[in-house]
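Summary of structural features
Here is what each chain is made of, one letter per residue.
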Amino acid sequence: MKQVGASLALVALVVLLHQPSPTVADRLRPKGYKQTVEKLQKFYVEFETEVSREFRRWKHDGAMSPRFREIIASSRIGAHERAPELRELPTAREGAFCGICRGFGGSVLELRREGASREEMYNTTVELCTMLNLQEEDVCRGLIELNIDPLLYIVDNRPQLTSASLCAVVFQSDACTLDDPTFSGWTVDVDPNGTPVTASKEGTAQRGPNDLKIVQLTDLHFDPNYRTGYNANCGAPACCRESQGIPEDPAAGAGHWGDYRACDTPWNAVEDLIDRVVQDHPDADYVYHTGDIIDHGIWETSIGYNVRSIAQVIDKLSEVFPDTPVYNILGNHEAHPTNVYALGDIGRNDFSTNWLYHLSADLWSHWLPRATQQTIRLGGYYTALVRPGFRVIALNNNDCYTFNWWILYQPDALRTQLQWLHDVLLQAERAGEKVHILAHLPISSDCFSVWQREYRRILERFRDTVSGQFHGHTHKDEFNVFYGAEQPQYAVGVAWNGGSGTAHTNVNPNYVVYYVNPDTYEVTDFESFAYNLTAANLTPDERPDWFRMYSFQEEFGVSDLSPAGVDELVRRLATPGAREDLQRYWEFKVKLADASLANGCGDTCLLNHLCEIVTNQAGDDRKCQELSDMFFN
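Residue positions within a chain follow its written sequence, with the count starting from 1. Residues qualify for local features only when their pLDDT is at least 70, as the model is predicted, and side-chain atom pairs are given and counted only at 80 or more; totals for whole chains, interfaces and linings, by contrast, use all residues. As a rule here, side-chain values cover all heavy atoms of the structure and leave hydrogens and water aside.

Per an unreviewed UniProt entry, the chain is named Sphingomyelin phosphodiesterase, and its organism is Anopheles atroparvus. Taken verbatim from the UniProt record of the chain, the Subcellular location (unreviewed entry) comment is "Secreted". UniProt positions are given in the numbering used here, feature names are shortened, and annotations may be inferred rather than shown by experiment.

Okay, helix α17 (residues 563–573) next. With eight of eleven residues buried, α17 lies mostly within the body of the structure. Type-normalised accessible area, obtained with a 1.4 Å probe on protein chains alone, sets the label of each residue: buried when under 20%, exposed when over 50%, and partly exposed for intermediate values. Strands are runs of DSSP state E lasting at least two residues, helices are runs of H or I lasting at least four, and both sets are numbered from the N terminus onward. Residues Pro 563, Ala 564, Gly 565, Val 566, Asp 567, Leu 569, Val 570 and Leu 573 constitute the buried set of α17.

With that settled, consider the UniProt feature "binding site: Zn(2+) 1" (unreviewed entry) in the chain. UniProt annotation of "binding site: Zn(2+) 1" (unreviewed entry) refers to Asp 219, His 221, Asp 292 and His 475 when read in the numbering used here. Spanning 257 residues, the named residues form one tight spatial group whose C-alpha atoms are at most 10.4 Å apart. Relative to the elements of secondary structure, Asp 219 occurs in the loop between β1 (212–217) and α9 (267–280). Classification of Asp 219 by relative accessible area gives buried; the value is 0%. For Asp 219, the residues in contact, after removing those within four places along its chain, are Gly 291, Asp 292, His 440, Gly 472, His 473, His 475, Gly 499, Ser 500, Gly 501 and Thr 502. Relative to the elements of secondary structure, His 475 occurs in the loop between β7 (466–471) and β8 (479–483). By definition, residues are in contact when any of their heavy atoms lie within 4.5 Å.

This next bit is on the layout of surface pockets. Cavity means a closed set of points on a 1 Å grid over the protein atoms alone, one where a 1.4 Å probe fits but cannot get out, pocket means an open set with protein on both sides within 12 Å along at least 5 of 7 lines, and lining means a residue has an atom within 4 Å of a point. Grid points are joined across faces, edges and corners, and a volume is the space filled by probe spheres set on the points. By volume, the second largest pocket amounts to about 450 Å³. Together, 20 residues line the second largest pocket, and Ala 342, Leu 343, Gly 344, Tyr 357 and Leu 378 are the ones closest to its centre. Mapped onto the lining of the second largest pocket, the elements with two or more residues apiece are α11 (354–364), α12 (373–379) and α13 (415–430). Amino acids are sorted into nonpolar (Ala, Val, Leu, Ile, Met, Phe, Trp, Tyr, Cys and Pro), charged (Asp, Glu, Lys and Arg) and polar (every other residue, Gly among them). Split into classes, the residues belonging to the lining of the second largest pocket amount to eight nonpolar, ten polar and two charged.

Taken together, the six strands give an open sheet; going across it, the order is β4-β5-β6-β7-β9-β8, and neighbouring strands pair in mixed fashion. At either margin of the open sheet sits one strand with a lone partner, and together these are β4 (382–387) and β8. Sheet twist, expressed as the mean angle between neighbouring strand axes with direction ignored, is 25°. Relative to strand β5 (residues 390–394), β4 runs antiparallel, the two being bridged by five bridges. Counted as the bridge partner of Leu 385 is Arg 391 from β5. Whenever a helix is involved, its axis is fitted only over the stretch in contact; in every case the axis is a line through C-alpha atoms, and angles between N-to-C directions fall within 0 to 180 degrees. Along the sheet face, α13 touches β4, β5, β6 (434–438) and β7 and points at about 180° away from the line of β5. When DSSP finds at least two bridges between two strands, those strands are taken to pair.

Structural data, given as structure tokens:
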């Protein structure tokens, strides 16, 4: 291939990967996608070879060749592509991002394996991070300083790890294929005595006067560095912070109660949300707090910093809920470095997450039975019998986050907690208990695909025992329907997402109140409460005006909130005659936030959000395709 060939191939294949069309959603693979992906695999090898050659010249000569500068210039990402989670990037960018990762990641792996020191690795990766526009230089420096040691340990101790596998785990798209059986060859031992899936799981429970009331708080993202009036357009993962200064344009300044831009939550807003729950729902039976206390300042965390913020929030919850059980779980931001939860036999105490597990065990003990201590200190997860016949299982599924580097070290270590989940569910089944599962990461969102596969096996086996699932992380008021792996026409479970206390990014703060049948422990309805951030910031001396945003049962008129009932709703939303209802679903998903409503959501956007409801595993778009056929019928 000529020197310009690889870059031209990248452009051509990205164009082939996704032709813009009003009838294609990002969750739905475009026509010819499989063939294009096959072409991409060949391109990645060619691009990686060319980058390696120019990279070596740079390291040997001490200066970049004009060709290497061309490659870097053509690979630079846009600043607008930094903020979204990888799942939010359009399909058109999957191949490009995988190619960039393979090309430059492969060269960095080679550099280390040829004897480069920590200092050289640090300086090289900072320079590449900055030149590729992955983040601003100070953020690149902070992120790499925090993450370089565990990454070097993994590279040094996994000599068989390739850039192809590394990038496939992180990006987890069909455009970045994972062929290494080390990552996919493990399974959970599932009890064989379950019944086959022959119908969607039904429910008859309607909201009644004796229903339990459960409040979900999630993703508070408290930022102790938040300052009103400071720069909200800073270009970093977290803005509105003291170190970022006051902008010349007052419109770029942070609001008193929070900000729609890449900003987290000031303490006054955290307090107001928690106090509002206590004032307006004093009869709440239980509280589910599903993680992400720490802010998005991912380039400058420390153990001490995280401990202070976590303790401050949990102390507040202890103060206002002294007698109401609060079931806490960890978010991906609680770890230091962010997202990095140790897996397997590492043998390095400085990489351990034990500090967080022991802290959590101590802080959560106010509400939990003593028997939960062992597994919390072991891995940040636990189970508790809430009342006779009703059990909570609180997972720490941040271990499956694709940005948890330790997946690259020992992927089969993910099995440990999932096997524990299975075993607890088996005991619950035998005891006639119903179970709610709490997990920070939605199963369909950013979780390693093999973990998703095994979780679905467990859920399908124990679908009659699991009465509800509750997630956070996405900051969206949304839900997810699970279907049989081999019988995708049948719905076997529903997971509800509590949204977020933070407005980061383009959402209003909210919390959710669930009504739960006291016999079946199924969710019979839920109400979402929010306030308009624009209006709140206009009156900084007054508390925000919280309002009931909607009742799911009232708004969508479902027969019940069972998997069968919600699947019926999803199929109705896919029909052309229900476009207004689907539009309303999206508006509630972004919590009626002015910043999102101003951008709007057309048919392609709406189909994408509909597909997100039914997508449970990376690469499985069968239900999405089915809904798409109905959507444009």
